[in-house]
Amino acid sequence: QVELVESGGGLVQAGGSLRLSCAASGRTYTMGWFRQAPGKEREFVAAISRGGGGTYYAESVKGRFTISRDNAKNTVSLQMNSLKPEDTAVYYCTADGRDFRAVVATRSMGSWGQGTQVTVSS
């Protein structure tokens, strides 16, 4: 079982930036981020392959968010730029033992962090 701990959430004005980080303990393959806004279903945000060469984004964040990972430190990050009020949500770090393509196809992950709140004010 992989343990995931997020950090970096907070309050920011629209148009601003935040960087989320996640430290993983245990072996990880595909990693990613999901989010859940109040009253809405959990939503896929981004995923990155084990080596970091493959990335995939939800259309709603493409061009604004960047996912990256440091395998030496076993961490994954999400750089969020040009934030909008609709980006307000609890963001979850995720990991899965399956291949990146399988994760993208199903948009599901096996291990989840506890979540970190991101609030974007208008």
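A quick note: this is a predicted structure, and the numbers were derived from the prediction, not measured. (Residues numbered from 1 in each chain as written. Predicted model: local features only at pLDDT ≥ 70, side-chain atom pairs only at ≥ 80, totals over all residues. Heavy atoms only, no water.)

Peer 1: Describe the state of the cysteines, naming the residues involved and giving the relevant values.
Peer 2: Within the structure shown, the criterion is met by one disulfide. Paired through a disulfide, C22 and C93 show a sulfur-sulfur distance of 2.1 Å. Between C22 and C93 the disulfide shows an S-S torsion of about -80°. By sign, it is left-handed. Remark: C93 occurs in strand β9 (residues 89–96) and C22 occurs in strand β3 (residues 18–25); sequence separation between them is 71 residues. (Disulfide = S-S within 2.5 Å. Helix = DSSP H or I, 4+ residues; strand = E, 2+ residues; numbered from the N terminus.)

Peer 1: Tell me about the side chain of R64, residues and numbers included.
Peer 2: Residue placement: R64 occurs in the loop between β6 (55–57) and β7 (65–70). Here the side chain of R64 touches S60 through a polar contact of 2.9 Å, landing on its backbone oxygen. With residues near it in sequence (within four places) discarded, R64 still touches Q79, M80, N81, S82, L83, K84 and D87. (Polar contact = N/O pair within 3.5 Å; in protein donor to acceptor, adjacent residues only side chain to side chain. Contact = heavy atoms within 4.5 Å.)

Peer 1: Now, about the sheet that holds β3: what can you tell me, with residues and values included?
Peer 2: One open sheet holds the four strands; their spatial order is β1-β3-β8-β7, and the pairing between them is antiparallel. Looking at strand neighbours, the two that pair on one side only are β1 (3–7) and β7, the edges of this open sheet. Across the sheet, the mean angle separating the axes of adjacent strands is 15° when strand polarity is ignored. (Pairing = 2+ DSSP bridges. Axes fitted to C-alpha atoms, helices over the stretch in contact; angles between N-to-C directions.)

Peer 1: Outline the pattern of salt bridges, supporting the account with residue identities and numerical values.
Peer 2: In this structure the tally under the stated criterion is six salt bridges. Linking K62 and E59 is a salt bridge whose minimum nitrogen-to-oxygen distance equals 2.7 Å. Overall, E59 belongs to the exposed group, its relative accessible area being 62%. (Salt bridge = Lys/Arg side-chain N within 4 Å of Asp/Glu carboxyl O. Buried < 20%, exposed > 50% of the residue type's maximum accessible area, 1.4 Å probe, protein only.)

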